[in-house]
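# What the coordinates show
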8 protein chains.
Amino acid sequence: MTPKVSIIMGSTSDLPIMEKAAKILNEFEIPFEMNALSAHRTPDEVADFATNADKRGIEVIIAGAGMAAHLPGVIAASTSLPVIGVPISASLQGMDALLAIVQMPPAIPVATVGIDAGQNAGLLAVQMLAVGNKELKTKLLTYKADLKTKIVKANEELKHIKYNFKTN
Amino acid sequence: MTPKVSIIMGSTSDLPIMEKAAKILNEFEIPFEMNALSAHRTPDEVADFATNADKRGIEVIIAGAGMAAHLPGVIAASTSLPVIGVPISASLQGMDALLAIVQMPPAIPVATVGIDAGQNAGLLAVQMLAVGNKELKTKLLTYKADLKTKIVKANEELKHIKYNFKTN
Amino acid sequence: MTPKVSIIMGSTSDLPIMEKAAKILNEFEIPFEMNALSAHRTPDEVADFATNADKRGIEVIIAGAGMAAHLPGVIAASTSLPVIGVPISASLQGMDALLAIVQMPPAIPVATVGIDAGQNAGLLAVQMLAVGNKELKTKLLTYKADLKTKIVKANEELKHIKYNFKTN
Amino acid sequence: MTPKVSIIMGSTSDLPIMEKAAKILNEFEIPFEMNALSAHRTPDEVADFATNADKRGIEVIIAGAGMAAHLPGVIAASTSLPVIGVPISASLQGMDALLAIVQMPPAIPVATVGIDAGQNAGLLAVQMLAVGNKELKTKLLTYKADLKTKIVKANEELKHIKYNFKTN
Amino acid sequence: MTPKVSIIMGSTSDLPIMEKAAKILNEFEIPFEMNALSAHRTPDEVADFATNADKRGIEVIIAGAGMAAHLPGVIAASTSLPVIGVPISASLQGMDALLAIVQMPPAIPVATVGIDAGQNAGLLAVQMLAVGNKELKTKLLTYKADLKTKIVKANEELKHIKYNFKTN
Amino acid sequence: MTPKVSIIMGSTSDLPIMEKAAKILNEFEIPFEMNALSAHRTPDEVADFATNADKRGIEVIIAGAGMAAHLPGVIAASTSLPVIGVPISASLQGMDALLAIVQMPPAIPVATVGIDAGQNAGLLAVQMLAVGNKELKTKLLTYKADLKTKIVKANEELKHIKYNFKTN
Amino acid sequence: MTPKVSIIMGSTSDLPIMEKAAKILNEFEIPFEMNALSAHRTPDEVADFATNADKRGIEVIIAGAGMAAHLPGVIAASTSLPVIGVPISASLQGMDALLAIVQMPPAIPVATVGIDAGQNAGLLAVQMLAVGNKELKTKLLTYKADLKTKIVKANEELKHIKYNFKTN
Amino acid sequence: MTPKVSIIMGSTSDLPIMEKAAKILNEFEIPFEMNALSAHRTPDEVADFATNADKRGIEVIIAGAGMAAHLPGVIAASTSLPVIGVPISASLQGMDALLAIVQMPPAIPVATVGIDAGQNAGLLAVQMLAVGNKELKTKLLTYKADLKTKIVKANEELKHIKYNFKTN
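Reading the values: rules and limits
Residues numbered from 1 in each chain as written. Chains lettered and ligands numbered in written order. Predicted model: local features only at pLDDT ≥ 70, side-chain atom pairs only at ≥ 80, totals over all residues. Heavy atoms only, no water. Salt bridge = Lys/Arg side-chain N within 4 Å of Asp/Glu carboxyl O. Helix = DSSP H or I, 4+ residues; strand = E, 2+ residues; numbered from the N terminus. Buried < 20%, exposed > 50% of the residue type's maximum accessible area, 1.4 Å probe, protein only. Contact = heavy atoms within 4.5 Å. Buried area = accessible area lost by both parts, 1.4 Å probe. Polar contact = N/O pair within 3.5 Å; in protein donor to acceptor, adjacent residues only side chain to side chain. Nonpolar A, V, L, I, M, F, W, Y, C, P; charged D, E, K, R; others polar. Domains from an automatic or database assignment.

Counting across every chain of the model gives 40 salt bridges over all chains. For B:Glu45, the salt bridge identified is with D:Lys148, shortest N-O distance 2.8 Å. Of this pair, B:Glu45 sits in helix α2 (residues 43-52) while D:Lys148 is found in helix α6 (residues 134-167), placing the two residues in two different chains. B:Glu45 gets classed as partly exposed once you look at its relative accessible area, which sits at 22%. For the salt bridge of F:Lys139 with F:Glu29, the shortest nitrogen-to-oxygen distance reads 3.9 Å.

Moving on, we get to the interface of chain A and chain C. Every contact between the two is made by 16 residues of chain A and, on the other side, 22 residues of chain C. Both sides together, the interface formed by chain A and chain C hides about 1700 Å², and carbon and sulfur atoms give 67% of it. Counting across the interface, chain A meets chain C through one salt bridge. On inspection of chain A and its partner chain C, the count reaches one residue pair in polar contact (both at pLDDT 80 or more). Ranked by residues supplied to the side of chain A that touches chain C, first place goes to helix α6 (residues 134-167) of chain A with 12 residues. Each residue belonging to the side of chain A that touches chain C can be placed in one class, and the counts come to nine nonpolar, three polar and four charged.

A word on the arrangement of the chains. Between chain B and chain E there is no contact, and the shortest C-alpha to C-alpha distance separating them is 16 Å. At their nearest point, the C-alpha atoms of chain D and chain G are still 12 Å apart, with no contact between the two.

Here we take up the domain arrangement of chain A. Residue and element names in this part refer to chain A. Taken domain by domain, chain A comprises domain 1 (5-131) and domain 2 (134-163). Across the contact, 11 residues belong to domain 1 and five residues belong to domain 2. Across the domain 1/domain 2 interface, buried area totals approximately 720 Å², and carbon plus sulfur atoms make up 72% of it. Considering only the side of domain 1, the residues that lose the most area to domain 2 are Phe28, Leu123 and Ala130, jointly responsible for 61% of the buried surface there. Viewed at the interface, domain 2 and domain 1 are joined by one salt bridge. Between the two partners, domain 1 and domain 2, sit two residue pairs in polar contact (both at pLDDT 80 or more). Contributing elements (two or more residues each) for the side of domain 1 that touches domain 2: α1 (15-27) and α5 (118-129). By residue number, the principal contributor to the side of domain 1 that touches domain 2 is α5, which donates five residues.

Of the residues lining the interface, 42 residues belong to chain A; the matching set on chain B comes to 42 residues. Interface of chain A and chain B: buried area, both sides summed, is about 3300 Å²; carbon and sulfur atoms make up 59% of it. At the junction of chain A with chain B, the criterion picks out four salt bridges. When the shortest N-O distance is used, the salt bridge between A:Lys137 and B:Glu59 registers 2.9 Å. Put simply, chain A and chain B have 23 residue pairs in polar contact (both at pLDDT 80 or more) between them. Of all the secondary-structure elements, those providing two or more residues to the side of chain A that touches chain B are α3 (71-77), α4 (95-102), β5 (111-112), α5 and α6 of chain A. Here the residues of the side of chain A that touches chain B sort into 28 nonpolar, 10 polar and four charged.

As structure tokens, then:
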């Protein structure tokens, strides 16, 4: 099946974070691909990838990188597809990566999610694909409802903990 | 015409930044609406807006706020539409707003752009609407080409400046 | 007994911090309740809670959250009760949560305590309840006196350590 | 009339910020006093003030200071009344004052509001006084409703601005 | 022997850092005392200590504290003796303590050393005592010479390591 | 008269800050000298200065510098006299200078004052010179008393301002 | 004359900073070129430039950019020539640009100078060209000597200022 | 063989970082030396080293230091050779060292690499030595090609991981 989302990471060491995006896409049954491409070590491959992603049927790109994280911005420079950037906390708790991804100059946006927020990157990609797609929107609403159920249940448990305190 | 993008700002003082998003949408001839709704002063209106935006035909939401900027996240909590967050530099150079918008918990992403980056918020909205929309994609490519032309021209001017230095 | 203080946390993972507030309330024999409600995953429940807390007899709300911590501010938006915010150090050492809680816009204050300072949140709640309550004020003075006794005792021990140095 | 709230500032240069708290208290017809006392230049006066505030009928203290802002914490050390701290942006955009006020050690809380947030300090004091005071609670609800009216009106104006864009 | 230096710490948990100052004073055979006094839990004791230190023969005070570290500044407020402040890294890597100690308002200086720099606090105290004291100055010069000898020796060892690299 | 304090600045552009130290020394009638010496542009002169300051009768050195502020530390490396460092806010609001001055390695302390705190540097020098000097100590106590008088007077004025509010 | 140094800036708005590098190169009579090329708006031109700079006789590249400053790193990715990066303070006082330039991943260094430090970028380029070039090294030593002369002269003037203080 | 690069570190505890530079130089068969010299503990040795490095045939200096990292700047002050600075993360995650190294004043550049980036310091030294050296440039291009091969291979592996997800 032609992938609709391409997950790119600057280094295979970013896999534990970027896998979370992949898991979300799997959950929503959205075909995707996952590659390691470095803005600094394989610049031509990154340019080729970005220039051709649209033609290959990719609709959304997720790019994660740490430190002076250029990958999402460099990809955004060569495509008109929306690019989701994931700052990886490889140094300075991820503040360097966050600023290097989010502070893009006018005209070349990167849709930045939180530090190490691979899961949210995956969900944001689903939300983008759901633009004009009723079926996917329905799935997203179900997903939200499930989240609520979980926390409501957690709440129930807390009420029991509370009474333990009271009797202290 | 039914608006496809809704631009929300926490305060009318954010208008100079959020107008830039509106200008981009105008340029791409995308119908939009613009409202001031505060997560803190009009919470019920925000919840109503977020819950019903989808049904009203809105496809993408752009929300800008400063300081402890809760507006984008609060809207994201009550909709499955993609929410673009614009941190406004009302204090601490916008670092507070950036962190309060981008560091969302798992499952509720906000697509964050740079501090005061209203223009990029508008473009990101266009990119999202262009998912599966060839015509809009073509317009985006033209927009990119125009940007390149401008900077190439600026380059030409720099070459003349350079010779002024040389003769010094 | 009707709870006078409501302790809310964004996630059950915040329990180890928020329990400290509960312990203080127990110590002062103030009835309380403890719930997990997420500004992002259960927004309607949060709004309901905040809107009705006053009618249910709650006098003070303590809300803890990490990252883009919206919970205290979102609750404050829908109640006139004082809301105490506890920034949780789930990321960036809690700086994101601190700014997302304390930098509230004009008219919607959140009484913010230090990062992970569950104990101080509990004490601040007691101080608020002691407004116009002589008995509770007396208890607070006793609590302060006990603290002093402890540190004076610690001082005694230090004096002995000192002489160990001297003989080196 | 005996003041119920005492507004203390580290220096008269903090007056423009701290006046905002006074204006709120005036609006709610709460008797207050306003003094300049420095934790560093008049330490004995600060200690006397803090030790005796309770006996003089003060119920809530608001203390504002900039830089290494010790005033709120030093007052909190010698009273059991709730102390609201206002970080003043005299240097480093107020980050030094914020941390010096909010990061109090266990057992001595300071209810910290945002940087230069004199108005919110005043409102928080009103909320504390409203604990167990129905009349004041009603006034606070009216105040909130007025805020909402203002922003809803601002929203109306934005709708007109929007159409100006459209015709461009 | 009457102590000339008083080492004060906000909490006994600061002992591992403050002991380093004590060790330096021992090394230079300067009589000292060591106490735990909290600006927040034992404010009267701190004021008494600071007001009377001079009369008791103390010449220099070293005060260490973490978080919203008020202790050095509060002591400086009630004495004309030089106060050396040691920021302790109890939270935020010590940045809160550093700013809360060093950013003192005009007229009340605190001589701040680095984060957790107990040893340097001790040495700075010795340097202050050496003002107008030839013997102590000579000891300080010897101390500096010893440091140099150590690092020159370390250098010799590095030269051997280097050749190991070369043969790789 | 032989200067007892030497005020060094990295650049003459630091004069407005460093003059404040000079004014304090004048006020206390302490002979001083003032020089511009750069750790980076005149390193040999700095080394000569630091090595010989003691022999020339200097008792305390005040050194101010901005950006990567090496001057205080470089001087401290070549003298056993106490060195007071003044971080100048030439960039990054002075945070770079503060860290470059205060975070000295073990064994080479710099007594750091606040950002741009020339006045406090002067007072700290006076406090150091007052070690074992009764007359200077008395002058310092008078100085402190005068400060208190000023703020007490400011307080009086505030009381009148307060009543203006009341009648509003 | 074939340029040996290429000065690239992300936007013509960076010219006031980057001109300072050009002025230094003029002073040392080193042929250079100056261009505006954007990593984000003209990515292909940047790649072409970087790939071919070496063949065109360029020996050192200076690249300045602000915000999420990718230009220096992107150029470094496609050349083996040394790349000097100049962080421009377009936002967040240049901290974003500094981190986005200096925190390069292993194997792709960028020689970073201070925020807005165009002059130092020029000098560093001269130092690199002086590797193995005696004549240029001599010029650099003369340049350093001139700097020293200037500051020594400034010192003379300060001595006069000092006496003005004394007579106050 | 006469060393062309001198690697200096402020303390032998910096060896694990600085060794990475040495390994790169070994890989490129560039003769080097490695020394521990402290700007603060052995200032005269540092000055001697910096003043004479050029005469001894050194072409590039690499200097690493942590905290208030003065070593690279102090060396740069006394030589015209290019100095590469390596900020070591001994405290505050290396932010103090980064700012203390990179924010050099006009006229004395330090070529700063990332925090703990010993390997990049080594490569930057090789790039500087390759100015006007074809053979070394060829080696650098081979090095870059090898890096690309490695990441392309890593990419292949990722493709297999991807299919594991798909079948989940």
